[in-house]
Amino acid sequence: MSAWIEIGKLDDIPIRGSRIVETPAGQLALFRTSDDGVFALVNRCPHRGGPLSEGLVSGKVVVCPLHGWTIDLESGSATAPDEGCTPRMTVRVENGRLWLPSGGTFPHDP
Ligand code: FES
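Since the structure is predicted, the reported quantities are computational estimates derived from the model, not experimental observations.

Calculation criteria
- Residues numbered from 1 in each chain as written.
- Predicted model: local features only at pLDDT ≥ 70, side-chain atom pairs only at ≥ 80, totals over all residues.
- Helix = DSSP H or I, 4+ residues; strand = E, 2+ residues; numbered from the N terminus.
- Contact = placed C-beta atoms within 7 Å.
- Pairing = 2+ DSSP bridges.
- Axes fitted to C-alpha atoms, helices over the stretch in contact; angles between N-to-C directions.
- Buried ≥ 20, exposed ≤ 12 C-beta atoms within 10 Å, placed from the backbone.

As for the environment of cysteine 45
Tracing the sequence through the fold places cysteine 45 in the loop between strand 4 (38-42) and strand 5 (56-58). Along the backbone, cysteine 45 and proline 87 are 42 residues apart, and their C-alpha atoms lie at a distance of 9.7 Å. Ignoring anything within four residues of it in the chain, the contact list for cysteine 45 reads Gly50, Leu52, Cys64, Leu66, Trp69, Ile71 and Thr86.

Let's talk about the sheet that holds strand 10 (residues 97-101)
On the basis of which strands lie adjacent, the open sheet formed by three strands has the order 1-10-9 and antiparallel pairing. Of all strands in the sheet, those with a lone pairing partner are strand 1 (4-9) and strand 9 (92-94), marking the two edges. The average undirected angle you get between the axes of adjacent strands in this sheet is 35°. Looking at chain direction, strand 9 and strand 10 are connected through three bridges and run antiparallel. Along strand 10, the bridge assignment pairs arginine 92 with tryptophan 99.

Things to note about the environment of aspartate 72
Considering the arrangement of structural elements, one finds aspartate 72 in strand 7 (residues 70-72). Residue class for aspartate 72 comes out partly exposed when judged on the 18 C-beta atoms lying within 10 Å of it. Once residues lying within four places of it in the same chain are set aside, the contact partners of aspartate 72 are Lys60, Val61, Ser77 and Thr79.

As structure tokens, then:
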């Protein structure tokens, strides 16, 4: 069974916004959808590395603030016809608290 690290509260993330978490593997952006879904992606757009944490969440995508690519929060993939993928990480929400797998790696790297 893998270990989990508590990293804060759901309410630390604005609805349709994000919060940055520093991990040993790099900066992670946690996104919250309007229905309280939480997703964790590396804070780097697959296009030219834009800070996804500064983008707006719409449904289950985040719009990159630099050139407007949309990145799927569940898969980390850019919406076609754009191509590319941002590594993502599992995030667990339990009783309003957020947890990441310990180890600081990105198990879902493409
Ligand atoms: S860097 Fe994200 S769309 Fe260009």
